[in-house]
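Notes for the structure review
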Amino acid sequence: MFVKMLNGKMSKTKQKASFVQDKKGVAAVEFALIVPILLLLFIGTLEISLAVSVDRKVSRVSSSVADLITQGTSFTRASLDDVTDIAERIMTPYDEESIQISVVSVEIDDEGIARVDWSYGRNGGAQPAKGTLFDIPESIRTENTFLISSTVGVDHVPAFSLIGFNGSQFTFDDSAIELSEQMFLRPRRSNKVECNDC
């Protein structure tokens, strides 16, 4: 009987030792621990590259609008619509309907004060009133000159909800990220770019 009990104890000890030494499920456990982290890195990489791509398109649109307008001497609202139609095509394959475009002709007087000469907006782009003060960087402020300001903005909605932590719980944020760019260029073919019905 004593031998049987001793054998029973040894077998339980052997079972515990073999359980601790068993390596069969280690790969599955490591995989289960690493997969969520790898998925977050993969999705994060996708989101960041998409946002950077949209931001580059916004910069390109802003630059193109300012460039096209400063090459002209006189515009109407219809011709500015044509210019912004072209600019919206640059946003392809991204949502060009949500792009907001604002074009402002800025006159800088002999005291260095910048005021709006005319403005044009599309899809909710800002249209400051004629004569209102306009903020421009000091480095490009030259008395008795004109500038064209082209501001483009878009609300980029991430493909995946952003994961946040609010106190004691995880939250999912699918709100849009505001991307915008402002360019200033001087008229090229004249001292001033006119817009007759802006």
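Look up: the structure comes first, before these words.
Below: a short report on this structure. (Residues numbered from 1 in each chain as written. Predicted model: local features only at pLDDT ≥ 70, side-chain atom pairs only at ≥ 80, totals over all residues. Heavy atoms only, no water.)

Taken in spatial order, the four strands of this open sheet run β3-β2-β4-β7, and their pairing is antiparallel. This sheet does not close on itself; its edge strands, each paired only once, are β3 (114-122) and β7 (177-185). Taking the axes of each pair of neighbouring strands and ignoring which way they run, one obtains an average angle of 20° across the sheet. For strand β4 (residues 145-156) and β7, the ladder comprises nine bridges, and the chain directions are antiparallel. Its bridge partner lying in β7, H156 is registered against I177. Its contacts with the sheet put helix α2 (residues 26-70) on β2 (100-108), β4 and β7, and the angle it makes with β7 is roughly 30°. Where helix α3 (residues 77-90) meets the sheet, its contacts fall on β2 and β3, and the angle it forms with β3 comes to roughly 65°. (Pairing = 2+ DSSP bridges. Helix = DSSP H or I, 4+ residues; strand = E, 2+ residues; numbered from the N terminus. Axes fitted to C-alpha atoms, helices over the stretch in contact; angles between N-to-C directions. Contact = heavy atoms within 4.5 Å.)

What follows deals with the side chain of T70. As for its position among the elements, T70 is in helix α2. Judged by relative accessible area, T70 falls into the buried class, the value being 0%. At 3.1 Å, the side chain of T70 and the backbone oxygen of D67 are in polar contact. Once residues within four sequence positions are removed from consideration, T70 is found in contact with I148, L185, R186, P187, R188, R189 and V193. (Buried < 20%, exposed > 50% of the residue type's maximum accessible area, 1.4 Å probe, protein only. Polar contact = N/O pair within 3.5 Å; in protein donor to acceptor, adjacent residues only side chain to side chain.)

With that settled, consider the state of the cysteines. Covalent bonding between the sulfur atoms of two cysteines is what defines a disulfide. Across all of its chains, the model carries one disulfide by this definition. C195 shares a disulfide with C198; S-S distance 1.7 Å. Because the torsion about its S-S bond is 55°, the bridge between C195 and C198 counts as right-handed. (Disulfide = S-S within 2.5 Å.)

The general pattern is negative phi for most residues beyond glycine and trans for most peptide bonds. Put simply, T92 and P93 share a cis peptide bond, and its omega is 10°. Tracing the chain through its elements places P93 in the loop between α3 and β2. Positive phi, normally seen in glycine, also occurs at N144, with a value near 60°. Following the sequence through the fold, N144 ends up in the loop between β3 and β4.

Right, let's talk about the pattern of salt bridges for a bit. With the rule as written, the count across this model stands at seven salt bridges. A salt bridge links R122 to E88; the nearest nitrogen and oxygen atoms lie 3.4 Å apart. Linking R122 in strand β3 with E88 in helix α3, this pair joins segments that are 34 residues apart in sequence. A single burial state applies to R122 and to E88, both of which are buried. A salt bridge links K130 to D117; its shortest N-O distance comes to 3.9 Å. Of this pair, K130 sits in the loop between β3 and β4 while D117 sits in strand β3; the two residues are 13 residues apart in sequence, bridging distant segments of the chain. According to the relative accessible area criterion, K130 is exposed, its value standing at 66%. Within this structure, D117, K130, K192 and E194 form a network of salt bridges that share partners. (Salt bridge = Lys/Arg side-chain N within 4 Å of Asp/Glu carboxyl O.)

The interhelical angle for the contact between α2 and α3, taken along N-to-C directions, is 155°, at an axis separation of 9 Å. For the element pair α2 / α3, the angle class is roughly antiparallel. Crossing hand, α2 versus α3: right-handed. Along its contact with α2, which presents K57, R60, V61, S64, V65, L68 and I69, the element α3 presents L80, V83, A87 and I90. When grouped by side-chain class, the residues that make up the contact of α2 with α3 number eight nonpolar, one polar and two charged. (Parallel < 35°, antiparallel > 145°, perpendicular 65-115°, else oblique. Left-handed = near helix turned anticlockwise from the far one by under 90°. Nonpolar A, V, L, I, M, F, W, Y, C, P; charged D, E, K, R; others polar.)

Shape descriptors only; they carry no functional weight alone.
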